[in-house]
Each structure stands twice: as structure tokens, then as C-alpha cells.
Amino acid sequence: MIEIIPAIDVIGGRCVRLSQGDYSRQTTYDALPTEMARQYADTGVKRIHIVDLEGAKVAKPCNLRVLEEVAALGLLDIEWGGGIKTPDDLTSVFDAGADHAIIGSVAVKQPTLMEQWLSTHGGDRIILGADLRDGKVAVAGWLEDSTLSAYDLIDRFLPFGLTEVITTEIYRDGMLAGPATSLYLDLMARYPDITFTVSGGVSSIEDIRALDAAGLSRVIVGKAIYEGRISLSHISSFISENC
């Protein structure tokens, strides 16, 4: 069964969503991150995906208080991304309660440091974030483009213990237009020992069922939940049906 991982994007301690990674196209929601985490845990999900959008933009974790509060609930595994650029940043994120750290910019700009982190902390704790615009990885909160593909990064870090990759097709993110299924199937075929997480475009529980039928392992769902297209009861029922 595909694992559903609800997303919480954070600016100023609040839940927000961007469209296509554009900070000028931001929607802020009333729910607090801790409230959403409790509701997600009640559905039966085991992991939550939290992105510090401020941290991604300014290259420094900015919402560690949110991480501490969600971790203090003790309800969910937490994967956290945004602004992790130095060893001190990584330590602060783990100390605040993250179980997994999503690394994007460092992987592109400081690959030797990424190799060290994978070797030290293991592939279960260090997740590669390879978010794509026109086939190339974008970094710094998707504000900068690189010349590297997801394949370039995976090939580089596989020898150092890489086991988990989150890939977002940026043009689909927040657009509710369906996931880039063919991209993930290609990645799975090339790298059968890597666990890939689908991210971007999921608009309905039918999308999730289709990804499950295609053999995908994990899927991040964000805006579709906040916009009411996928309800918490949908998630709960899906998990109950497939247990």
C-alpha cells in the first residue's frame, strides 16, 4: 500500500501553500501546524512532511518552534526541510525533533557535505530533495535553478547510502492537476533500491489510488487536503481499506 504523507508548509508559524513555488501566490490557512498534525495522526498516517518556507528562502531554519511543538505531540514521524545549509542547521533540526531531514540545496552546491551527512546519519535520516523545473533541480526554495538532473544527484549519492528521494515536479505543485506519474515510474525503473516519494499535483483520492496501483511507495498530499478535495475521512478510509 502506498503511504500517504500529509504536508504542512510553514511561514510565520502558520500553515500556508504556494502555487508552483511562487512566494507571491501564497494562501494562508487558519489551522495551526499542531492542530493539523493531531488531525492527521487521527487518520492513521505515520509520517508528516513539514517545510519551513521561510527557512528555504533565507537559507536558515526559521520555524524550529513549530517543529518542537509538533514533535512534542509524539504522534508522527517528522520529515523536515527548508534552510538546512550547515552542520549546525542540521543539528538544530534534529535536536528540535525531526526524524528525517530533507536536503536539496546542499546536495547541489556542497555535495561533499551531503556525502558526509549521509555517511554519518544514514540514508534513513537524510533524504534527498530533488525538485525539478524543466528537468533540472531547483534549489533555495525553488528560487534558483541548477544544471543538474535528479539522475545526476542520485548517481552521485548512491555510493554514500542514499535510500530515500522526494521529487517534486514544480510546475505541478499546488496546481491540483495530477502527479507526474511517468517521471516516478522512470525513476523507480532506474533505481529499484531507492524509495521515491511522489510530490506535487495530487488532487483527489483517485490520484492516490492510481499511484498505488502503479506501484509507488509514498505520496505527499498538501493543497488537496486544505482545499477540501481530499478529506481526512478519505485518508482514514484508504488506510483502513488497505491495512
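Everything here concerns the structure above.
Residues numbered from 1 in each chain as written. Predicted model: local features only at pLDDT ≥ 70, side-chain atom pairs only at ≥ 80, totals over all residues. Heavy atoms only, no water.

With respect to the environment of Gly135
Alright, step 1. By the element assignment, Gly135 lies in the loop between β8 (132–133) and β9 (136–139).
Alright, step 2. Given a relative accessible area of 36%, Gly135 falls into the partly exposed group.
Alright, step 3. C-alpha of Gly135 to C-alpha of Thr28: the two residues are 107 residues apart in sequence and 29 Å apart in space.
Alright, step 4. Ignoring anything within four residues of it in the chain, the contact list for Gly135 reads Leu148 and Ser149. (Helix = DSSP H or I, 4+ residues; strand = E, 2+ residues; numbered from the N terminus. Buried < 20%, exposed > 50% of the residue type's maximum accessible area, 1.4 Å probe, protein only. Contact = heavy atoms within 4.5 Å.)

What to know about the packing of aromatic side chains
Alright, step 1. Scanning the model with the defined rule gives two aromatic pairs in all.
Alright, step 2. Ring centres 6.4 Å apart and planes at 25° place the aromatic pair Tyr151 and Tyr191 in the stacked group. You can see Tyr151 sitting in helix α7 (residues 150–157) and its partner Tyr191 sitting in the loop between α8 (181–190) and β12 (195–199), a full 40 residues away along the chain. Accessibility assignment for this pair places Tyr151 and Tyr191 in one class, buried.
Alright, step 3. Relative to Phe196, the ring of Tyr191 lies with its centre 6.5 Å away and its plane at 50°, an arrangement referred to as tilted. Across the pair, exposure class does not vary: Tyr191 and Phe196 are buried alike.
Alright, step 4. Its guanidinium or amino end placed over the ring of Phe94, Arg125 lies 3.8 Å from that ring's centre, counting from NZ or CZ.
Alright, step 5. Over the ring of Tyr151 we find Arg190; its NZ or CZ atom is 3.9 Å from the centre of that ring. (Phe/Tyr/Trp six-rings, centres within 6.5 Å; stacked < 30°, edge-to-face > 60°. Lys NZ or Arg CZ within 6 Å of the ring centre and 35° of its normal.)

Here we look at the sheet that holds β8
Alright, step 1. In spatial order, the strands read β8-β9-β10; together these three strands make up an open sheet with antiparallel pairing. Each edge of the sheet is formed by a strand with only one pairing partner; in this case those strands are β8 and β10 (144–145).
Alright, step 2. With two bridges connecting them, β9 and β10 associate as antiparallel partners. Of the residues in β10, the one forming a bridge with Val139 is Glu144. (Pairing = 2+ DSSP bridges.)

Describing the side chain of Ser146
Alright, step 1. The residue Ser146 is located in the loop between β10 and α7 in this model.
Alright, step 2. The exposure class of Ser146 is buried, given its relative accessible area of 15%.
Alright, step 3. Polar side-chain contacts of Ser146 include one of 2.7 Å to the backbone oxygen of Val137.
Alright, step 4. At a separation of 3.2 Å, a polar atom in the side chain of Ser146 contacts the main-chain amide nitrogen of Leu148.
Alright, step 5. Here Ser146 is in contact with Val108, Lys136 and Val137, once residues within four sequence places are set aside. (Polar contact = N/O pair within 3.5 Å; in protein donor to acceptor, adjacent residues only side chain to side chain.)

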